[in-house]
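# Commentary on secondary and tertiary structure
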Amino acid sequence: MKNELNDLYQEVILDHNKNPRNFGDMHDANHSAAGHNPLCGDHIDVDLKVKDGIIEDVKFHGAGCAISKASASIMTTTLIGQSVEEAKEMFKQFVDIVTTDPEEEIDTLNLGKLAVFCGVREFPARVKCASLAWHTMKNALDDESGASTE
Ligand code: FES
């Protein structure tokens, strides 16, 4: 069962790497941040359009490995329609998923699409890859400099 799940998760990651969702520029973003993985030099930029506390749109662009790209892609599909507070909660949840001790059980029932990243904690070198887009998104939401008041 565990192997079947891993295969399924791997398929999801490969699919999002090959066909990243919400990849590209956003011209009317009101929250943006640039993310950089110092371990490899890869970078991902995240743009968000937030209105009345709700994330109406998210886009990302940049260059990174399959895990970082798939993670960014899945993140965008997870965040659209969520409130800023929910997005910050998901950020915490995601960081927990990829940093929890591999020996510890994770309840995947309520994780939705994020469950595909449970295996990352077994590969500490990939944790930064998987969390790059999430940290960048969090920085973008925390940065009010580009926020409009509409
Ligand atoms: Fe650079 Fe993964 S190797 S983000």
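From a predicted model like this one, the values you see are computed outputs, not experimental measurements.

## Here we look at the layout of surface pockets
- Taken as a whole, the largest pocket encloses approximately 720 Å³ of empty space.
- Asn-6, Tyr-9, Cys-118, Gly-119 and Glu-122 are, among the 23 residues lining the largest pocket, the residues nearest its centre.
- Elements represented by at least two residues in the lining of the largest pocket include exactly α1 (2-18) and α2 (66-79).
- Tallied by class, the residues present in the lining of the largest pocket amount to 12 nonpolar, 4 polar and 7 charged.

## Concerning the sheet that holds strand β3 (residues 54-63)
- Judged by pairing direction, the sheet is antiparallel, and its 3 strands sit side by side in the order β1-β2-β3 without closing on themselves. On the outer flanks of this sheet lie β1 (31-36) and β3, each paired with one strand and no other. On average, each strand axis in the sheet is inclined to that of its neighbour by 15°, with strand direction left out of account.
- In the packing of α2 onto the sheet, the strands contacted are β2 (43-51) and β3, and the crossing angle to β3 comes to about 170°.

## Brief notes about helix α4 (residues 127-142)
- Taking 1.5 Å per residue as the helical rise, α4 with its 16 residues ought to reach 22 Å, and the 22 Å between its terminal C-alpha atoms agrees with that figure.
- At Ala-133, α4 shows its largest kink, close to 30°.
- Here α4 has its buried residues at Val-127, Cys-129, Ala-130, Ser-131, Leu-132, Ala-133, Trp-134, Thr-136, Met-137, Ala-140 and Leu-141.
- Buried residues belonging to α4 abut β1, β2, β3, α2 and α3 (84-99).

## A few points about the packing of aromatic side chains
- On inspection of all chains with the given rule, the structure shows 3 aromatic pairs.
- Between Phe-23 and Phe-60, the aromatic rings sit 5.1 Å apart at their centres with planes inclined by 80°, giving edge-to-face as the arrangement. Note that Phe-23 is positioned in the loop between α1 and β1 and Phe-60 in strand β3, a separation of 37 residues in sequence.
- What makes Phe-23 partly exposed here is its relative accessible area of 41%.
- Ring centres of Phe-94 and Phe-117 lie 5.4 Å apart, and the angle between their planes is 65°; this geometry places the pair in the edge-to-face category. Taken together, the residues span a long stretch of sequence, with Phe-94 in helix α3 and Phe-117 in the loop between α3 and α4 at a distance of 23 residues. As far as the burial class goes, Phe-94 and Phe-117 line up, both buried.
- Through a chain of ring-to-ring contacts, three or more aromatic side chains come together here, namely Phe-94, Phe-117 and Trp-134.

Procedures and definitions
- Residues numbered from 1 in each chain as written.
- Predicted model: local features only at pLDDT ≥ 70, side-chain atom pairs only at ≥ 80, totals over all residues.
- Heavy atoms only, no water.
- 1 Å grid on protein atoms, 1.4 Å probe; cavity = no way out; pocket = protein on both sides within 12 Å on 5 of 7 lines; lining within 4 Å.
- Points joined across faces, edges and corners; volume = space filled by probe spheres on them.
- Helix = DSSP H or I, 4+ residues; strand = E, 2+ residues; numbered from the N terminus.
- Nonpolar A, V, L, I, M, F, W, Y, C, P; charged D, E, K, R; others polar.
- Pairing = 2+ DSSP bridges.
- Axes fitted to C-alpha atoms, helices over the stretch in contact; angles between N-to-C directions.
- Contact = heavy atoms within 4.5 Å.
- Expected span 1.5 Å × (residues − 1).
- Bend = angle between axes of the 7 residues up to and from the residue.
- Buried < 20%, exposed > 50% of the residue type's maximum accessible area, 1.4 Å probe, protein only.
- Phe/Tyr/Trp six-rings, centres within 6.5 Å; stacked < 30°, edge-to-face > 60°.

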